[in-house]
Amino acid sequence: MDNYLLISLILLPALAAIMVAFVPRQRLFEIRAISGIVAFALFVLSAYSFINYDNEVGGYQFTRDYAWLDALGIQLSMGIDGISTTMVLLTGIVSFTAVLISWNIEHRAKDFFVLFLLLVAGVYGVFVSLDLFFFFFFYELAVLPMYLLIGVWGSSSDFVTFIRNKEYGALKLMLYLVAGSILVWVALLAVYVEGDMNSFSLLKLQDAEFSEDFQRLYFPMFMVGFGVLAGLWPFHTWSPDGHVAAPTSVSMLHAGVLMKLGAYGIIRIGVDLLPQGAEYWMPLLMILGTINVVYGAVSALSQTDLKYVIGYSSVSHMGYVFMGLATLNATGMGGAVLQMFSHGIMTALFFALVGVIYDRSHVRDIGILEGLAKRMGWTASFFAIAGLASLGLPGLSGFVAEVLVFIGTFKDYPIFGVLGIIGAAITAVYILRLLGKVFFGPISEDWKTLPDASNVEKFSAGILVLFLLVVGLYPKPWMDLINTGLSPLIERVAGL
Amino acid sequence: MMLLDFTVMEGVQVAWLAPAACILAFVLIVSLRMFDSKIGSVISIVAIASGFAIFLYVFGQFNESGPAEFAREWFTIGSTKITLGMAIDQLSVVMLGVITFVALLVQIYSVSYMEEESRFGWYFGVHSLFAASMLILVLANNLLLLYVAWELVGLCSYLLIGFWYEKRSASEAAKKAFITTRIGDVGLLIGIILLYRTAGTFDTSTIIHIAQEGGFADSTLMAAVLLIFLGAMGKSAQFPLHVWLPDAMEGPTPVSALIHAATMVVAGIYLVARIFPLFEVADPSLTVVAVVGLSTAVIAASIALVMTDLKKILAYSTVSHLGFMMLALGSGAYVVAMFHLFTHAFAKALLFLSAGSVDHGTGGKRDIRQLGGLRKKMPITFVTFSIGALALAGVPPLGGFFSKDEIMMAVMDGRHPVFFLIAIIAAFMSSVYMIRALILVFFGDLKPENQEAHESPALITAPLLILAGISLVAGLVLSGWQDFFNAKHHDINFLVLALSLLASLGGLFLGWAIYSKEWISSRDVAAKFGDLEKYASNGYYLDVGYQWCIDRIVLVVARIVSLFDRIVVNDVAVNGTGYSVFLSGFKLRYVETGKVYNYALAMVVGILVVGLTIYWGLI
């Protein structure tokens, strides 16, 4: 089974997409069943890879190569290390819960699930590919369905002073991400040519010994190109608008997993292939990441739409990932990778719950919602847990990740560490403001009949909450994995 | 999870079972969803009672075997190893006792007091978590674990103050408590990481050792210690971060008793005592502690003089006494500060629970102007409240007298006489406001609307009597206390003793003269102070000032940033780029019919631009 583990992570959702495409569109139950079963299978396989990855051995495991285009040195080469295994688990959790949340989609459900499954296949592909060509191929596969998912199933909003329709959100997101992809693609080709091995293999190119000038020239293209997808300031504005326009499960997958693809790309390709370039440019990433943190948090403070608050909070939290990566030390980078996992779970939970509220009240304005805890006890409790994870409460995953980022940052950049900690305090302000306005206080007449989350929604949110708690209380399995993944990377950076 | 290791079951090491029992109670209540169930209270009380039993055992063992410390790995990343561990020493043993005991009494009291509330089980669940967090805080052997527990204490106070979350004021008060203390916590976390940066460990005793060996740069240690003190100021409600504590009265009264006596606010005092050697090394920092403590003591006492809500008087009195504790720490006498923490914990728990009993017996009245003459209707509460009030006023031979006197001597020894004089004034005010509350609530004529007032049931009065008994005799343990901490006994300084007694008794007499005999009109006194009285009644407008800063500065900046984001970054930079492409492109009006063209064009243009840049760049 181990031989086929990674290929099945890609093929299962892809084949399921094809299967769903052949089901008549009225057969809603079959469409949902196929998607649900496949998502569950992916969840199990991801957990299997997480549990069975051998930390003692380390390196890339479950490797498998399939020849494809030998003339150009392209092969479908797969394998996962500690970092990608963590991301694979994240993808399994978020895509499974997101399918559950979209259970009741009826509008063109078939098309929705086809695109959704393709997107999932793309995401898995990125995390398991060890070949730059296929990495990029899957990267694009993960990004493109987003346009249709938002454009067709999204929602437009009129905010009185400005209007955001779903087509605008989708188009902006698309153009941004494609612009980022172009930078990445150009840099990838440059690496391929400069490496001069007739190979796109990541492992081979690691030994290419690129000149320092080359590294310094191309690292920023990876940094910005991938950074766009991860919400790097000032290229982040697609993200809040995209989330506001996107349907619930797409927001979950988008903020939960897709944004992590960007950060993963910076680590896997940027730092791994161009360590000297990374070292040269990391101070800039530290500055931008810190701006992300503070700017995102301050922006979230004055938002009135639930999704905008969460959207800007994602911008802010991804800042910790950048800060951690920029430290280039084990503690900070370990914190960054754990933050990718933690934020993925947390933000998926946030969007799922915002979806639950919006579904019932058709309102996302925090000035209008009030006292929902009285009627929606489960939703309120889950939301509070997500919020507490977000403001870095110990016992939940966010704390472990953030505190490691801070410790790592303080080694070389104490001032930025201070700013990061202040950012976390601002997070507490906007999260508690949100909780206070939406869930506490007297319940207004309009909301006295709102039903609480359904069992499927509770189950889905419950899984996410469980992971927030487990990682927060017992992070050791995650940290051990991340450690194994990071140590060769750190050695390469340090060995310069 | 890691802590559940049953191999460490001997000697003082069993201390970890105390927080573990409380956590278990919380997990049981929440996972079995006993939010409205009466069984929740049973589970919670059993847990905290076993916590107290464990304390008794640990105390016995400790006297035989002395301090111990143990730790195990939590996780490791790179070279950073994070451990979970506990240190059993004098400080933590004492706190273990105070916390479990007061929490036990408060919980027993709550069974009757909260009887008719919905979410009864949830209330007890959070109480358990609160006790657990506080126990972990005092047992932690490293600063990171302490920070973890510190934040959890903040969470629990948030949940309990906001227990009646349907009330807007309660949810606002909860938020205020969390955010104000969080501001202090920013300092605390930065301080801890600064220490780690040099020491390479979070281990408290190692850090202290390194500091004493001179391993830290002076400026680093100074900055770290002051930042940590900022955290202590937030939690222990020191001026100007005390504003959350009076508002915290929005929570149920037993919660106030718990927060004010044994948990939460004493965390800051404990923290300073725990890392006291660091303050000693970074010497001038102790002056900061003393000044902050002294100003807190005076300012809060002056506000307590003019409050009319019984619980607010008690709240400001807590703030003032926390100031005394900080002052003692700042004067170099941490054993004395801990002793005052100890006597104050019982007296203050007693006062709050008695105030709750008044509240319970009169159908929810807390304004002292609407109360009066209750001594006949509520004799037990009257006696217990009086004992608490006199203890806080520092009347011999109650516990508060001894601890206050010790503080005064420490200040005289360690600080400039001006500190001592101001402290005496604060102690004097302390007497006045306590006797004022006592007289206005229990003496005088019974108001007609309070004819129905009645004594509270036994579950409420029993904890009161126990606490009153302890407050009566707490002073007797003083000499044992000093031996326990290996502190030197002060010679009695009769001048200090006389002045301190004079302040207490003089304050009582003045209060009696004004409020009982009405020889002096309280209005005339207030008029003498002119505007000062108005400022004090409004808490010196600190809240107004903070609100102004939030509305006019923080929120305005936030709005400017988000407008900047939408108008500059998005509309000008992003849409502007898009729009100029639109204008320069000639067939782009077809964009209306199919956006894929737009996308394709952007892609081609992009590739060309980037490709050419690189091409030139490569040359």
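Residues numbered from 1 in each chain as written. Chains lettered and ligands numbered in written order. Predicted model: local features only at pLDDT ≥ 70, side-chain atom pairs only at ≥ 80, totals over all residues. Heavy atoms only, no water.

Undergrad: Account for the overall build of chain A, with residues named and values stated.
TA: Regarding its fold elements, chain A presents 18 helices and four strands. The C-alpha atoms of chain A give a radius of gyration of 21 Å, which matches the 23 Å a tight globule of 496 residues would have. Every one of the 496 residues in chain A was classed for burial, and the buried ones make up 70%. Long-range pairs, those at least 24 residues apart, make up 81% of the contacts in chain A with a sequence separation of at least 6. By element, 64% of the accessible surface of chain A is carried by carbon and sulfur atoms, the whole surface being about 14,800 Å². (Helix = DSSP H or I, 4+ residues; strand = E, 2+ residues; numbered from the N terminus. Rg over C-alpha atoms; globule rule 2.2 N^0.38 Å. Buried < 20%, exposed > 50% of the residue type's maximum accessible area, 1.4 Å probe, protein only. Contact = heavy atoms within 4.5 Å. Areas by Shrake-Rupley, 256 points an atom, 1.4 Å probe, with all protein chains shown as cover.)

Undergrad: Please provide a residue-by-residue account of the pairing of strand β2 (residues 74-80) of chain A, values included.
TA: Residues and elements named next belong to chain A. Counting buried positions along β2 yields six of seven residues, so the element is predominantly enclosed. Judged from the six bridges that link them, strand β1 (residues 61-69) and β2 form a sheet pairing that is antiparallel. Of the residues in β2, the one forming a bridge with Tyr 66 is Leu 76. Connecting the antiparallel pair β1 and β2 is a turn made up of four residues, with Gly 73 showing a positive phi of about 75°. (Pairing = 2+ DSSP bridges.)

Undergrad: Lay out the interface of chain A and chain B in plain terms, naming residues and giving numbers.
TA: The interface of chain A with chain B comprises 74 residues on the first partner and 59 residues on the second. Regarding the contact of chain A and chain B, the summed buried area is about 5,600 Å², with carbon and sulfur atoms giving 72% of it. It is Ile 407, Phe 410 and Leu 432 of chain A in chain A that bury the most area against chain B; as a group they hold 10% of the surface buried on that side. Across the chain A-chain B interface, the total number found is three salt bridges. For Lys 476 of chain A, the salt bridge is made with Glu 73 of chain B, and the minimal N-O distance between the two is 3.1 Å. At the boundary of chain A and chain B, one finds 14 residue pairs in polar contact (both at pLDDT 80 or more). In terms of residue count, helix α16 (residues 414-439) of chain A provides more of the side of chain A that touches chain B than any other element does, 14 residues in total. (Buried area = accessible area lost by both parts, 1.4 Å probe. Salt bridge = Lys/Arg side-chain N within 4 Å of Asp/Glu carboxyl O. Polar contact = N/O pair within 3.5 Å; in protein donor to acceptor, adjacent residues only side chain to side chain.)

Undergrad: Tell me about the packing of helix α3 (residues 90-113) of chain B against helix α15 (residues 334-361) of chain B, and name the residues and values.
TA: Residues and elements named next belong to chain B. With their axes 11 Å apart at the nearest point, α3 and α15 run at an angle of 0° to one another. One finds that α3 runs roughly parallel with respect to α15. Between α3 and α15, the residues in contact are Leu 91, Met 95, Val 98, Phe 101, Val 102, Val 106, Tyr 109, Ser 112 and Tyr 113 and Tyr 334, Met 338, Leu 341, Phe 342, Ala 345, Phe 346, Ala 349, Leu 353, Gly 356, Ser 357, Asp 359 and His 360, respectively. Split into classes, the residues belonging to the contact of α3 with α15 amount to 16 nonpolar, four polar and one charged. (Axes fitted to C-alpha atoms, helices over the stretch in contact; angles between N-to-C directions. Parallel < 35°, antiparallel > 145°, perpendicular 65-115°, else oblique. Nonpolar A, V, L, I, M, F, W, Y, C, P; charged D, E, K, R; others polar.)

Undergrad: An account of the nonpolar core is requested, with residue identities and associated values reported.
TA: Side chains that are nonpolar tend, in soluble globular proteins, to be buried together. Counting 434 residues, the largest nonpolar core has Phe 341, Phe 383 and Phe 439 of chain A as its most contacted members. Among the nonpolar cores identified, the runner-up in size contains six residues, and Ala 25, Ile 29, Ile 43 and Ala 47 of chain B belong to it. (Core = buried A, V, L, I, M, F, W, Y, C linked by side-chain atoms within 4.5 Å.)

Undergrad: Give me the packing of helix α18 (residues 417-442) of chain B against helix α21 (residues 494-516) of chain B: which residues, what numbers.
TA: Residue and element names in this part refer to chain B. For the pair α18 and α21, the least separation of the axes is 8 Å and the interaxial angle reads 35°. Helix-helix and strand crossings are classified by hand; for α18 and α21 the assignment is right-handed. Each residue belonging to the contact of α18 with α21 can be placed in one class, and the counts come to 14 nonpolar, seven polar and one charged. (Left-handed = near helix turned anticlockwise from the far one by under 90°.)

Undergrad: Outline the packing of aromatic side chains, listing residues and values.
TA: All names here are of chain B. Within this structure, the stated rule accounts for 66 aromatic pairs over all chains. With 5.9 Å between their ring centres and 65° between their planes, Phe 101 and Phe 346 make a pair best called edge-to-face. On the criterion of sequence distance, the pair formed by Phe 101 in helix α3 and Phe 346 in helix α15 is long-range, its members being 245 residues apart. Each member of the pair, Phe 101 as well as Phe 346, is classed as buried. The ring of Phe 419 has Arg 415 sitting right over it, with the charged end atom 5.9 Å from the ring centre. (Phe/Tyr/Trp six-rings, centres within 6.5 Å; stacked < 30°, edge-to-face > 60°. Lys NZ or Arg CZ within 6 Å of the ring centre and 35° of its normal.)

Undergrad: Run through empty space enclosed by the protein, naming residues and quoting values.
TA: If you walk through the whole model with that rule in mind, you get five cavities of 30 Å³ or more. Approximately 100 Å³ is the volume found for the largest cavity. (1 Å grid on protein atoms, 1.4 Å probe; cavity = no way out; pocket = protein on both sides within 12 Å on 5 of 7 lines; lining within 4 Å. Points joined across faces, edges and corners; volume = space filled by probe spheres on them.)

Undergrad: Break down the pattern of salt bridges for me, citing the residues and quoting the values.
TA: Side-chain pairs of opposite charge can arise whenever the charged atoms involved come near each other. Residue and element names in this part refer to chain B. As enumerated under the stated definition, the model contains 25 salt bridges over all chains in all. Linking Glu 172 and Arg 168 is a salt bridge whose minimum nitrogen-to-oxygen distance equals 3.8 Å. One end of the pair, Glu 172, and the other, Arg 168, are both in helix α6 (residues 168-199), four residues apart, so they sit about a helical turn from each other. By relative accessible area, which is 34% here, Glu 172 ends up partly exposed.

Undergrad: Provide a residue-level description of unusual backbone geometry, including the pertinent values.
TA: With an omega of 0°, the peptide bond running from Trp 233 of chain A to Pro 234 of chain A counts as cis. Following the sequence through the fold, Pro 234 of chain A ends up in the loop between α8 (212-229) and α9 (238-245). For the peptide bond that leads from Phe 239 of chain B to Pro 240 of chain B, omega is 0°, which places it in the cis range. Its place among the elements puts Pro 240 of chain B in the loop between α8 (218-235) and α9 (244-247). Phi is positive for Asp 196 of chain A, which is not a glycine, with a value near 55°. Locating Asp 196 of chain A in the fold gives a position in the loop between α6 (166-195) and α7 (202-205). With relative accessibility at 66%, the residue Asp 196 of chain A sits in the exposed group. The backbone of Glu 209 of chain A sits at a positive phi, close to 55°, despite the residue not being glycine. Relative to the helices and strands, Glu 209 of chain A is located in the loop between α7 and α8.

Undergrad: Tell me about the environment of Gly 323 of chain B, and please be specific about residues and values.
TA: Residue and element names in this part refer to chain B. Examined against the element boundaries, Gly 323 turns out to sit in helix α14 (residues 310-330). For the pair Gly 323 and Ala 131, spaced 192 residues apart in sequence, the C-alpha to C-alpha distance is 24 Å. Beyond its immediate sequence surroundings of up to four residues, Gly 323 is in contact with Gln 238, Gly 293, Leu 294, Thr 296 and Ala 297.

Undergrad: Describe in detail the confidence of the model for chain B, supporting the description with residues and values.
TA: Per-residue confidence for chain B gives a mean pLDDT of 84; residues scoring 70 or more make up 93%. Among the scores for the predicted complex, ipTM is 0.92 and pTM is 0.90. (pLDDT = per-residue confidence, 0-100.)

Undergrad: Break down the state of the cysteines for me, with residues and values.
TA: Under the counting rule described, the total for this entry stands at zero disulfides over all chains. Its sulfur unpaired, Cys 22 of chain B is 11 Å from the next cysteine sulfur, which belongs to Cys 156 of chain B. (Disulfide = S-S within 2.5 Å.)

Undergrad: Describe helix α19 (residues 458-473) of chain B, naming the residues involved and giving the relevant values.
TA: Residues and elements named next belong to chain B. Compared with an ideal rise of 1.5 Å per residue, which puts 16 residues at 22 Å, α19 spans 22 Å between its outermost C-alpha atoms and is within 8% of the ideal. For α19, the full list of buried residues reads Ile 460, Thr 461, Pro 463, Leu 464, Leu 467, Ala 468 and Ser 471. Taken around the axis of α19, the buried residues stretch over an arc of 160°, which confines them to a single face. Lining the buried residues of α19 we find α3, α15, α16 (379-393) and α17 (399-414). (Expected span 1.5 Å × (residues − 1). Arc of directions from axis to C-beta.)

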